[in-house]
Amino acid sequence: MNQFPQKDINIPKGTSAMDADVAIIGGGLAGLCLSIQLVKQGFKIILFEKESYPFHKVCGEYISMESWDFLEGLGVPLHEMDLPVINKLIVTSPDGTELKQDLSSGGFGISRYKIDNILKEIARLQGVQVIENCKAENVIFQKDNFSIITSKGDFNARVCCGSFGKKSNLDVIWKRGFTKPSSGKLDNYVGIKYHIKSEFAVDTIALHNFKNGYCGISKIEEDKYCLCYLTTAANLKENNNSIAEMEKNVLYTNPHLKNIFTTATRLYSTPLSISQISFKQKTQIQDHVLLIGDAAGMITPLCGNGMSMAMHGSKIAATYISGFLKNDFSRKDMEEKYLKNWNRTFFKRLRAGRVIQYFFGKPSTTNLFVKIMKQVPYISTGIIRQTHGKPF
């Protein structure tokens, strides 16, 4: 049952007047949080989402505590939702070596199916025009305004933001660097996600490594767990492009994963998947479009907290968009200030993620690295410090 009343939205088609102060392409965490912050300041906001809420996404579904107060400030009643608090970490190597570590800052579990839908309902209640089942096909900047060409008509706005995730058709149109074919170690990953029932510890998140990949498991709402893994497209190809075959031949070599996959109850038989994931460095502004969330930069799940980064990025963007719309500074100033603040906040975090990614993948290297971390605790403590930011 929905927690918030929804308004019926009459979708204009082929309009010519200024439809919004800000158009947001993509209704994930970053886009929805941005829309709520801006509409509360009195701006007219329109948001395009190609799917229909609620829907699942490939995601680890663990949010660090740095985001708790921010989400509650937007109107998400986290304190009433009885969500699992996660304050312990387990990391295993492909040979089964196990490292246990406390998460001092910790986090909580909630599915994207649930949190995105709650944020969508809050956005609509506040007055955001949320248009679902609507794909943005192109964005044109001219005469200091944007035209957004979508599957449901053309729209115009003073500011345009892209929060469309890991990769979209717009990335290809813009010929962004990470969309070009590459055989690098930061390219061409696939992500697979299940929701399961399990006897795994409620207060723990585990990252189980295997050849060219790793799999996370943690509790979300109700009696469900998120089981999500990342691996190379090559791993899948070597197993006849069969997810089930790859899991048995590759993931099961880690005894912890074999136990999870063979004892857990899967809540949907067909896993959710996404391909062509890249962790290469990205730009945060493209043709005057401000990019947030994974569209601006994606940290490796092994050592990152992309959900909190997406929400924090939305707060940074909201500050400078608001200043521009209030004529406190120019578009150029808005873009420069956003870029500077975004990099100051996330650049080191993303760089650390790319570096750490290189230590994992090859079984022998991963086995050694986990054993070293187990013997020298300050290494793992330092890595954890890189993955969890401060409240914003």
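Residues numbered from 1 in each chain as written. Predicted model: local features only at pLDDT ≥ 70, side-chain atom pairs only at ≥ 80, totals over all residues. Heavy atoms only, no water.

Caption draft 1: Here's a closer look at the environment of glutamate 51. Examined against the element boundaries, glutamate 51 turns out to sit in the loop between strand E2 (45-48) and strand E3 (62-64). What makes glutamate 51 partly exposed here is its relative accessible area of 36%. Through-space distance from the C-alpha of glutamate 51 to that of glutamate 132 is 6.0 Å; in sequence the pair is 81 residues apart. Glutamate 51 has contacts with Glu132 and Asn133, leaving out every residue within four places of it along the chain. (Helix = DSSP H or I, 4+ residues; strand = E, 2+ residues; numbered from the N terminus. Buried < 20%, exposed > 50% of the residue type's maximum accessible area, 1.4 Å probe, protein only. Contact = heavy atoms within 4.5 Å.)

Caption draft 2: Examining the nonpolar core more closely. Among the nonpolar cores identified, the biggest contains 77 residues, and Leu119 and Ile321 are the most heavily contacted of them. Residues in contact with leucine 119, not counting those within four places in the same chain, are Leu29, Leu32, Cys33, Ile36, Leu71, Leu74 and Val76. (Core = buried A, V, L, I, M, F, W, Y, C linked by side-chain atoms within 4.5 Å.)

Caption draft 3: A look at the environment of alanine 296. Considering the arrangement of structural elements, one finds alanine 296 in the loop between strand E17 (289-291) and helix H8 (306-325). Each C-alpha atom, one on alanine 296 and one on glutamine 281, is 8.6 Å from the other, the two residues being 15 residues apart in sequence. Excluding anything up to four places from it in sequence, alanine 296 contacts Lys282, Thr283, Gln284, Leu291 and Trp342.

Caption draft 4: Here's a closer look at the packing of aromatic side chains. Evaluation of the coordinates by the stated rule reveals 13 aromatic pairs. Consider the rings of tyrosine 194 and phenylalanine 261, whose centres lie 6.2 Å apart with planes at 85°: the pair is edge-to-face. Of this pair, tyrosine 194 sits in strand E10 (residues 189-197) while phenylalanine 261 sits in helix H7 (residues 255-263), and the two are 67 residues apart along the sequence. Three or more aromatic residues joined by ring pairs make a cluster, and in this case those are Tyr194, Phe210, Tyr229, Tyr252 and Phe261. The ring of tyrosine 194 has arginine 266 sitting right over it, with the charged end atom 4.5 Å from the ring centre. Above the face of the phenylalanine 178 ring, lysine 282 is positioned so that its terminal group lies 4.3 Å from the ring centre. (Phe/Tyr/Trp six-rings, centres within 6.5 Å; stacked < 30°, edge-to-face > 60°. Lys NZ or Arg CZ within 6 Å of the ring centre and 35° of its normal.)

Caption draft 5: Focus on helix H3 (residues 112-126). Over its 15 residues, H3 runs 21 Å from end to end, which matches the ideal 21 Å to within 8%, given 1.5 Å per residue. Extensive coverage of H3 is indicated by the burial of 11 of its 15 residues. Where H3 is concerned, the buried positions are Arg112, Ile115, Asp116, Asn117, Ile118, Leu119, Lys120, Glu121, Ile122, Ala123 and Arg124. At its buried positions, H3 is contacted by helix H1 (29-39), helix H2 (68-74), strand E6 (129-131) and H8. One or two residues past the end of H3 sits glycine 127, with phi positive at roughly 115°. (Expected span 1.5 Å × (residues − 1).)

Caption draft 6: Seen up close, unusual backbone geometry. With an omega of -10°, the peptide bond running from tyrosine 53 to proline 54 counts as cis. In this fold, proline 54 is placed in the loop between E2 and E3. Its identity is not glycine, yet aspartate 144 carries a phi of approximately 65°, on the positive side. Looking at the element boundaries, aspartate 144 is found in the loop between strand E7 (136-142) and strand E8 (145-150). Notably, asparagine 327 is not glycine yet its phi reads approximately 65°, a positive angle. Looking at where asparagine 327 falls in the secondary structure, it is placed in the loop between H8 and helix H9 (331-357).

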